[in-house]
Amino acid sequence: MQFLPLSFFRWWEASWISSVVNTAQWYFAIIETIHIMAFTILLGTIFIVNLRVLGFGLRRQSSAQVARYLKPYTWGSLLLVAITGGVLFASEAVKLGRSEPFLWKIDILGLAVLIHIVINRKLTSNVATEGSLRIKIAACISLLCWFSVALAGRAIAFL
Amino acid sequence: MASIANFCEWLNNTAFSVYLRQSDWPFPIIETIHILGLAVSVGIVFWIDLRLMGIIMRREPISDVVGQLEPLAVRGFMIMFLSGILLFVSEPQYCYSATAFRVKLLLVALAGLNVWFFHSRVYRYVTQWDESPSLPVRARMVGFLSLVLWFGVIATGRWTAYK
C-alpha cells in the first residue's frame, strides 16, 4: 500500500463515511466490535480449513469437503471485515497512511486472501492435492500470513 | 467485595504487575497472543454452534463435528485463558473498576455453564439423534446461547480497553 499517494488517504478521510464514524465515539466502538467479531469468524474458518489440510480437526471429512463447507462463511465474513475496516479506516486515514504496521497489515492481508483463493481452488478442483506436501506448505504460509495480519493490526495501536 | 478490591490493590503493587504494566513489549505481545487464541477458539466454537443449530454441515453427524473440533477449541481456550490472566495481572485495579470487565467475567462464567449443560444434559444422549435431520431444541438452544455469549465476551473484552 506504500505506493498510494497521500491524496488517496486525504480523500478517504474527507468522505461522508468518515463523518458517520466521527459523529460519536459510540459508532467507532460498535463498528470496531463488529470488525473484531467478523475477523474472529474469518480466522476460525481459515483455521479449520488449514488445520484440516495439515491433518488436524475434521479428519473424517476430506479437505475439499471442508473447504466447500466453509467457503461462503470465509467470504461473507471477509466482506464484513472489509466494510467495517473501510469505515474505521475513514476515521483516521491520513494517520494510518503513515503507520508502518497498518501498511504492512493491508499488504499481508492481500497476500493471505490470494493464498486462500489458491488453496481453495486447488482443493476443490484437483483430488491429487489432498494431503500433498505442496498444499501443506501453502497452509502453513497461509496461517502465518493471517497471524501476521492480526499481529500488525494490534501493532497499529502501539507503534 | 472489599476483599476482592484489596486483593486487586495488592496484586497491582506486586513487582510482576508493575513490570507487565510499565515495560514496552510484554503487554502488546501477550495481548496479541490473547486475540489469536480468541480467534482460534471462538472461531471454532462458532462453527460447532452453527452445526448444533442445524445451519451448517447438516449431512455430517453432530458427534463428528463436536468430537473432532472441540479438542482444538479447548486448546485455543487454554491459550486465551492463560494470556488473559496475565493481562489481568498487568492491570488488576483498573479491571476491577471497569463495568465492561465485570460483565465479561459473568459472560465467560455463563458460557462455561452452557458447556457443562451441553455435555451433561445434551451431548450425553447424542447417539439418539446424531444422524437425524431434526435436532432437539436443547441442542439448538445451547448452540445459539454459546454464539450470543461468546460474541458478548468479545464485545465486553474490547470495551474493557476503552478508558
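About the cut-offs
Residues numbered from 1 in each chain as written. Chains lettered and ligands numbered in written order. Predicted model: local features only at pLDDT ≥ 70, side-chain atom pairs only at ≥ 80, totals over all residues. Heavy atoms only, no water. 1 Å grid on protein atoms, 1.4 Å probe; cavity = no way out; pocket = protein on both sides within 12 Å on 5 of 7 lines; lining within 4 Å. Points joined across faces, edges and corners; volume = space filled by probe spheres on them. Helix = DSSP H or I, 4+ residues; strand = E, 2+ residues; numbered from the N terminus. Nonpolar A, V, L, I, M, F, W, Y, C, P; charged D, E, K, R; others polar. Core = buried A, V, L, I, M, F, W, Y, C linked by side-chain atoms within 4.5 Å. Buried < 20%, exposed > 50% of the residue type's maximum accessible area, 1.4 Å probe, protein only. Contact = heavy atoms within 4.5 Å. Salt bridge = Lys/Arg side-chain N within 4 Å of Asp/Glu carboxyl O. Polar contact = N/O pair within 3.5 Å; in protein donor to acceptor, adjacent residues only side chain to side chain. Expected span 1.5 Å × (residues − 1). Bend = angle between axes of the 7 residues up to and from the residue. Axes fitted to C-alpha atoms, helices over the stretch in contact; angles between N-to-C directions. Parallel < 35°, antiparallel > 145°, perpendicular 65-115°, else oblique. Disulfide = S-S within 2.5 Å. pLDDT = per-residue confidence, 0-100. Patch = residues over 30% accessible without salt bridge, like charges linked within 9 Å, V, L, I, M, F, W, Y side chains within 5 Å. Areas by Shrake-Rupley, 256 points an atom, 1.4 Å probe, with all protein chains shown as cover.

Concerning empty space enclosed by the protein
Residues and elements named next belong to chain B.
Then step 1. The final tally for this structure, using the stated rule, is 1 cavity of 30 Å³ or more.
Then step 2. Its boundaries defined by the atoms lining it, the largest cavity holds a volume of some 30 Å³.
Then step 3. Secondary-structure elements contributing two or more residues to the lining of the largest cavity are helix H3 (26–52) and helix H7 (137–160).
Then step 4. Of the residues that constitute the lining of the largest cavity, the class distribution is 6 nonpolar, 1 polar and 1 charged.

Quick look at unusual backbone geometry
Then step 1. In the Ramachandran plot, methionine 57 of chain B falls in the positive-phi region, its phi being about 45° despite a non-glycine side chain.
Then step 2. Relative to the helices and strands, methionine 57 of chain B is located in the loop between H3 and helix H4 (62–90).

Here we look at the nonpolar core
Then step 1. Counting residues in hydrophobic clusters, the biggest one holds 70 residues, and the most contacted among them are Phe39, Ile48 and Trp146 of chain A together with Ile44, Trp47, Ile62 and Leu69 of chain B.
Then step 2. If you list the elements that add at least two residues to this core, you get helix H3 (25–53), helix H4 (63–91), helix H6 (100–125) and helix H7 (133–155) of chain A together with H3, H4, helix H6 (99–122) and H7 of chain B.
Then step 3. Discounting chain neighbours no more than four positions away, the residues touching phenylalanine 39 of chain A are Val81, Trp146, Val149 and Ala150 of chain A.
Then step 4. Ranked by size, the runner-up nonpolar core spans 10 residues in total, among them Cys8, Leu11, Val89 and Cys95 of chain B.

Side note on the pattern of salt bridges
Then step 1. All told, the structure shown has 5 salt bridges over all chains when counted by the stated rule.
Then step 2. In this structure, arginine 158 of chain B engages glutamate 32 of chain A in a salt bridge whose closest nitrogen and oxygen atoms are separated by 3.0 Å. With arginine 158 of chain B in helix H7 and glutamate 32 of chain A in helix H3, the pair connects residues from two separate chains.
Then step 3. The buried category is assigned to glutamate 32 of chain A, whose relative accessible area is 15%.
Then step 4. With a shortest N-O distance of 3.4 Å, lysine 95 of chain A and glutamate 92 of chain A are connected by a salt bridge.
Then step 5. Assessed through its relative accessible area of 26%, glutamate 92 of chain A is described here as partly exposed.

Brief notes about the interface of chain A and chain B
Then step 1. On the side of chain B, 31 residues touch chain A, which itself brings 27 residues to the contact.
Then step 2. Taken together, chain A and chain B are joined by 11 residue pairs in polar contact (both at pLDDT 80 or more).
Then step 3. Of all the elements in the fold, those that place two or more residues in the side of chain A that touches chain B are H3, H4 and H7 of chain A.
Then step 4. Considering each element in turn, the side of chain A that touches chain B owes the most residues, 13 residues, to H3 of chain A.
Then step 5. Classifying every residue of the side of chain A that touches chain B by side-chain character gives 17 nonpolar, 6 polar and 4 charged.

Comments concerning H4 of chain A
Then step 1. Across its 29 residues, H4 of chain A extends 40 Å between first and last C-alpha, which sits within 8% of the 42 Å expected from 1.5 Å per residue.
Then step 2. Along H4 of chain A, the sharpest change in direction is near 45° and occurs at leucine 70 of chain A; proline proline 72 of chain A comes one to four residues later.

Quick word on the packing of helix H2 (residues 16–23) of chain A against H4 of chain A
Packed helix pairs are specified by the crossing angle of their axes together with the interaxial distance, meaning the distance between the axes.
Residue and element names in this part refer to chain A.
Then step 1. The N-to-C vectors of H2 and H4 enclose an angle of 85°; their axes lie 8 Å apart at closest approach. Here H4 runs roughly perpendicular to H2, going by the angle between their axes. Residue-level inspection shows Ile17, Ser18, Val21 and Asn22 of H2 in contact with H4, the latter providing Val87, Ala90 and Ser91.
Then step 2. Split by residue class, the contact of H2 with H4 holds 4 nonpolar, 3 polar and no charged.

Regarding the state of the cysteines
Then step 1. All chains considered together, the criterion is met by 0 disulfides over all chains.
Then step 2. Cysteine 140 of chain A provides the cysteine sulfur closest to cysteine 145 of chain A, a residue in no disulfide bond, and the two sulfurs are 11 Å apart.

So, the confidence of the model for chain B
All names here are of chain B.
Then step 1. Summing up the model confidence of chain B, the mean pLDDT is 91 and the portion of residues at 70 or higher is 99%.
Then step 2. For chain B, H3 is the element with the lowest average pLDDT, namely 91, and H6 is the one with the highest, namely 95.
Then step 3. Here the complex is predicted with pTM 0.89, and the ipTM for its interfaces comes to 0.87.

Re a nonpolar patch on the surface
All names here are of chain A.
Then step 1. A contiguous nonpolar surface patch, about 750 Å² in accessible area, is contributed by Trp16, Val20, Trp26, Tyr27, Ile30, Ile34 and Leu80.
Then step 2. Only H2 and H3 provide two or more residues apiece to the nonpolar patch.
Then step 3. It is H3 that provides the largest number of residues to the nonpolar patch, a total of 4 residues.
Then step 4. Inspection of the secondary structure assignment puts tryptophan 16 in helix H2.

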